[in-house]
Amino acid sequence: MEYSNFIERSVTIGIKDKFFGQRIKTFLKVRGKMISLNLLNKYLLKKLGQLKKPDEVVIIKKFPTTSTGKIIKRFLEFITRQLLDNYFQLQQCNHSHAD
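Keep in mind that what you see is a predicted model, and the values were worked out from it rather than measured.

**Some words on the overall build of the chain**
If you tally the helices and strands in the chain, you get two helices and three strands. When the helices and strands of the chain are placed in sequence order, the string is β-β-α-β-α. The burial tally for the chain puts 25% of its 99 residues in the buried class. The contacts in the chain between residues at least 6 apart in sequence include a share of 55% that link residues at least 24 apart. For the chain, the exposed surface amounts to about 7,900 Å²; the carbon and sulfur share of it is 56%.

**A short note on the pattern of salt bridges**
Tallied over the entire structure, the rule returns three salt bridges. A salt bridge links K29 to E8, with the nearest nitrogen and oxygen atoms 2.9 Å apart. Residue K29 is found in strand β2 (residues 21-30), and its partner E8 is found in strand β1 (residues 7-17); the two are separated by 21 residues along the sequence. The exposure class of K29 is partly exposed, given its relative accessible area of 22%. With a closest N to O distance of 3.8 Å, R23 and D17 form a salt bridge.

**Side note on a nonpolar patch on the surface**
On the surface, F75, F78, I79 and L83 cluster together into a nonpolar patch covering about 370 Å² of accessible area. When you line up the elements, F78 lands in helix α2 (residues 73-98).

**A look at the nonpolar core**
Counting nine residues, the largest nonpolar core consists of F6, I7, L28, V30, I35, L40, Y43, L44 and V57. Of all the secondary structure elements, the ones that give two or more residues to this core are β2 and α1 (37-48). In terms of residues, this core owes the most to one element, α1, which gives three residues. Within the second largest apolar cluster, eight residues are counted, among which are I13, I15, F27 and L76.

**A word on the sheet that holds β1**
Sheet strands associate in pairs through backbone hydrogen bonding, adopting either a parallel or an antiparallel arrangement. Overall, mixed pairing links the three strands, which are arranged β1-β2-β3 in an open sheet. The open sheet has two edge strands, β1 and β3 (56-59), and neither has a second partner. Pairs of neighbouring strands in the sheet enclose a mean axial angle of 25°, with direction left out of account. Sheet strands in contact with α1 are β1, β2 and β3, and its direction is about 130° off that of β3.

Quick notes on the rules
- Residues numbered from 1 in each chain as written.
- Predicted model: local features only at pLDDT ≥ 70, side-chain atom pairs only at ≥ 80, totals over all residues.
- Heavy atoms only, no water.
- Helix = DSSP H or I, 4+ residues; strand = E, 2+ residues; numbered from the N terminus.
- Buried < 20%, exposed > 50% of the residue type's maximum accessible area, 1.4 Å probe, protein only.
- Contact = heavy atoms within 4.5 Å.
- Areas by Shrake-Rupley, 256 points an atom, 1.4 Å probe, with all protein chains shown as cover.
- Salt bridge = Lys/Arg side-chain N within 4 Å of Asp/Glu carboxyl O.
- Patch = residues over 30% accessible without salt bridge, like charges linked within 9 Å, V, L, I, M, F, W, Y side chains within 5 Å.
- Core = buried A, V, L, I, M, F, W, Y, C linked by side-chain atoms within 4.5 Å.
- Pairing = 2+ DSSP bridges.
- Axes fitted to C-alpha atoms, helices over the stretch in contact; angles between N-to-C directions.

Printed below as a string of structure tokens:
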């Protein structure tokens, strides 16, 4: 199956990482069909190789865009930071309750 036929739009951003400096995160909008992330990861590995393959792939229904249709990457970066911050706060809270 050629997944590039199902990918309508994509954008890749760099996410700050304490260990690696930056990690690659790709957002994909697909054309009306569900894609198995496992098979999609295999496709990306084959197409891009291990070094260029994104560390994380997110399927998104709608991209945040400007009035001219340009994807607002800053918004995707902001959302990713917020989710990570909330995740780490939750982890810290769970660890404090485990003591």
